[in-house]
Amino acid sequence: MKLDKWKFKIACARACMTRKDVGQAAALNNGTMSTALNRGVNPATIGKIAKALGVDVLDIIETEE
């Protein structure tokens, strides 16, 4: 799974959090956050990010339309 960069930025803005804040809240290192945004990570990691932002996973992942 891969984060949608635009959706992620919107969720961060709504939560008043930076990418670093989200990583710390989700207990993820900077490298994992970068991988999630650029290449994709396992669903559990996306779940941690969504939980840290207080959003549903579907609100921040790339989806095929």
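Basis of the calculations
- Numbers given for residues are sequential positions, taken from 1 along each chain in its written order.
- Predicted model: local features are reported for residues with pLDDT of at least 70 only, side-chain atom pairs are reported and counted for 80 or more only, and whole-chain, interface and lining totals are derived from all residues.
- Calculated side-chain values reflect all of the structure's heavy atoms, with hydrogen atoms and water omitted.
- Numbering of helices and strands runs from the N terminus; a helix is a DSSP stretch of H or I covering at least four residues, while a strand is a stretch of E covering at least two.
- The size measure is the radius of gyration over C-alpha atoms, and the globule rule it meets is 2.2 Å times the number of residues to the 0.38 power.
- Burial status follows relative accessibility: with a 1.4 Å probe on protein chains alone, a residue under 20% of its type maximum counts as buried, one over 50% as exposed, and anything between as partly exposed.
- Contact criterion: two residues are considered in contact whenever any of their non-hydrogen atoms come within 4.5 Å of each other.
- Note: the arc covers the axis-to-C-beta directions of the helix.
- The term polar contact refers here to a pair of N or O atoms within 3.5 Å; inside protein, the definition further demands a hydrogen-donor-capable atom paired with an acceptor-capable atom, and it admits residues adjacent in sequence only when both atoms are side-chain atoms.
- Buried residues of nine kinds, namely Ala, Val, Leu, Ile, Met, Phe, Trp, Tyr and Cys, make up a nonpolar core once their side-chain atoms join them within 4.5 Å.

Participant: Could you clarify how one ought to interpret the overall build of the protein chain in this entry?
Facilitator: For the protein chain, the count of helices and strands is four helices and zero strands. Going from N to C terminus, the protein chain has its helices and strands arranged as α-α-α-α. What you see for the protein chain is a C-alpha radius of gyration of 10 Å, in line with the 11 Å of a compact globule of 65 residues. Projected onto its principal axes, the C-alpha coordinates of the protein chain cover approximately 30 × 25 × 15 Å. A total of 65 residues make up the protein chain; the buried ones form 31% of that total. In the protein chain, 63% of the contacts between residues at least 6 apart in sequence involve partners at least 24 apart.

Participant: Where do I start with helix α3 (residues 30-38) in this structure?
Facilitator: Residue pairs spaced three or four apart in an α-helix point in one direction, given the helix's 3.6 residues per turn. All of the buried residues along α3 are Met33, Ala36 and Leu37. Buried positions in α3, seen along its axis, are confined to an arc of 95° and lie on one side of it. Those residues of α3 hidden inside the fold are in contact with α1 (5-15), α2 (19-25) and α4 (43-53). Where α3 begins, one side-chain oxygen reaches toward the backbone nitrogen of Gly31, 3.0 Å away; that side chain belongs to Asn29. Downstream of α3 by one or two residues, Gly40 has phi in the positive range, about 115°.

Participant: I tried to follow the nonpolar core on my own but got confused; where do I start?
Facilitator: Nonpolar side chains tend to gather and get buried jointly when the protein is soluble and globular. Ranked by size, the top nonpolar core spans 17 residues in total, and within it Leu3, Phe8, Val22, Ile49, Leu53 and Ile60 carry the most contacts. For this core, the elements supplying multiple residues, two or more each, are α1, α3 and α4. A total of four residues in this core trace back to one element, the largest contributor, which is α4. Sequence-distant contacts of Leu53, defined by excluding residues within four places in its chain, comprise Phe8, Ala11, Cys12, Ala15, Met17, Val22 and Ile60.

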